[in-house]
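Here's the letter readout for the chains.
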Amino acid sequence: MQIVEYDGTIEGFFCAVFNVYEYKFSNCSIVRQQYLEGNLFASKHVVHFHPQHCYRVWKGLKSRLSPRAYKNFERAFLSETKGIEDILLRYVHYVFSSTKSVELDFSHEAVLAVNHAAKKVHREAHRMEAFIRFHKTPDDLYYATVDPDHNVLPLIIDHFKNRFADQQWLIYDTARKYGFHYDLQQVQRVKIQFSQEAIHGNAEAIYSEDEAMYQQLWQQYFTSVNIKARKNLKLQLQHMPKRYWKNMVETKPGP
């Protein structure tokens, strides 16, 4: 068994795929560094990023897949589902070995698994666009923290850039410890070392003077439109899963 270790980025994954073909690994597993576990019966191959190797695999997939199928491939990668790299590798093998399009061949387990993972990621990305709540700081920065099940930030940044183009904002993924910052001109990926106390502690300490008032008004509005006689908790949880509540103003206790 050959363990192919890569850096966790999609560019690194493409390089890993190139290495699998280059070294003719027949019995291998592609694993990102942070998930690597010791295996006494496996040898390890470390992947080093090479732009040309990445480009060749990327170009090969783009030329054989429709834009929708390639987007699903990227979404499946962002799912971070355990073992998704090996599923994507089998998908790549199937795509490269076939003379016709295979992207709708759901009888193939890898094609079915990729599309299933892509749907879950797309669903959560759509939810994140609706459930992210910004808080204003004294220096006019709007910030939000999230910890989604899947790595969806790269999929939703354009939405926020277009919708909030007139204000500076930062969306930070506390689970993956990175975020995106918009400075009124461009969006940049940032990595900030927050302490757990800073993330989950007294966030009100960094609010602007009027932020607390806006939060109270939003909570009052949410309460006023919530008709108790028509309350359906099961339906509410279906559309707004409870795991998102801790980052939402309207689900926190009022003042």
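What comes next concerns the included structure.

Cut-offs used in this document
Residues numbered from 1 in each chain as written. Predicted model: local features only at pLDDT ≥ 70, side-chain atom pairs only at ≥ 80, totals over all residues. Heavy atoms only, no water. Phe/Tyr/Trp six-rings, centres within 6.5 Å; stacked < 30°, edge-to-face > 60°. Buried < 20%, exposed > 50% of the residue type's maximum accessible area, 1.4 Å probe, protein only. Lys NZ or Arg CZ within 6 Å of the ring centre and 35° of its normal. Helix = DSSP H or I, 4+ residues; strand = E, 2+ residues; numbered from the N terminus. Expected span 1.5 Å × (residues − 1). Contact = heavy atoms within 4.5 Å. Core = buried A, V, L, I, M, F, W, Y, C linked by side-chain atoms within 4.5 Å. Salt bridge = Lys/Arg side-chain N within 4 Å of Asp/Glu carboxyl O. Pairing = 2+ DSSP bridges. Axes fitted to C-alpha atoms, helices over the stretch in contact; angles between N-to-C directions.

**Examining the packing of aromatic side chains**
Moving on, step 1. Taken as a whole, this structure holds 18 aromatic pairs when the rule is applied.
Moving on, step 2. Each ring, one from Tyr23 and one from Phe25, has its centre 5.6 Å from the other, and the planes form 15°; the classification is stacked.
Moving on, step 3. Ring plane angle 65° and centroid distance 6.4 Å describe the contact between Phe160 and Trp169, whose orientation is recorded as edge-to-face.
Moving on, step 4. Judged by its relative accessible area of 2%, Phe160 falls in the buried class.
Moving on, step 5. Positioned over the ring face of Tyr178 is Arg189, at 3.8 Å from the centre of the ring.

**Structural notes on helix H2 (residues 51-64)**
Moving on, step 1. Between its terminal C-alpha atoms H2 stretches 20 Å, which fits the 20 Å expected from 14 residues at 1.5 Å a residue.
Moving on, step 2. If you follow the buried residues of H2, they end up packed against helix H1 (10-22), helix H3 (67-78) and helix H4 (84-97).

**Topic: the nonpolar core**
Moving on, step 1. Membership of the largest hydrophobic core comes to 36 residues, with the highest contact counts inside it found for Phe13, Phe14, Ile30, Leu61 and Tyr91.
Moving on, step 2. Put simply, the parts of the chain that give this core at least two residues each are strand E1 (2-6), H1, strand E2 (28-32), H2, H3, H4 and helix H5 (109-131).
Moving on, step 3. Counting residues per element, this core draws most heavily on H1, at eight residues.
Moving on, step 4. Apart from the residues lying within four places of it in its own chain, the contact partners of Phe13 are Tyr6, Ile30, Phe73, Phe77, Glu85, Leu88 and Leu89.

**Some details on the pattern of salt bridges**
Moving on, step 1. According to the stated counting rule, one finds seven salt bridges in the structure shown.
Moving on, step 2. Where Glu5 meets Lys44, a salt bridge forms, and the shortest distance between an N and an O atom there is 3.3 Å. Taken as a pair, Glu5 in strand E1 and Lys44 in strand E3 (residues 43-46) lie far apart in primary sequence, 39 residues in all.
Moving on, step 3. According to the relative accessible area criterion, Glu5 is buried, its value standing at 10%.
Moving on, step 4. Asp173 is the partner of Arg176 in a salt bridge, and the nearest nitrogen-oxygen pair spans 2.9 Å.
Moving on, step 5. The network of salt bridges with common partners includes Arg32, Glu80, Glu85, Asp173 and Arg176.

**Comments concerning the sheet that holds E2**
Moving on, step 1. Reading across from one edge, E2-E1-E3 is the order of the three strands in this open sheet, with parallel pairing throughout. Of all the strands in the sheet, just E2 and E3 have a single pairing partner and so form its edges. Neighbour to neighbour, the strand axes of the sheet diverge by 30° on average, direction disregarded.
Moving on, step 2. Here four bridges tie E1 to E3, and the two strands are oriented parallel to one another. Bridging from a neighbouring strand, Glu5 pairs with Val46 of E3.
Moving on, step 3. Those strands touched by H4 are E1 and E2, and its axis lies near 130° from that of E2.

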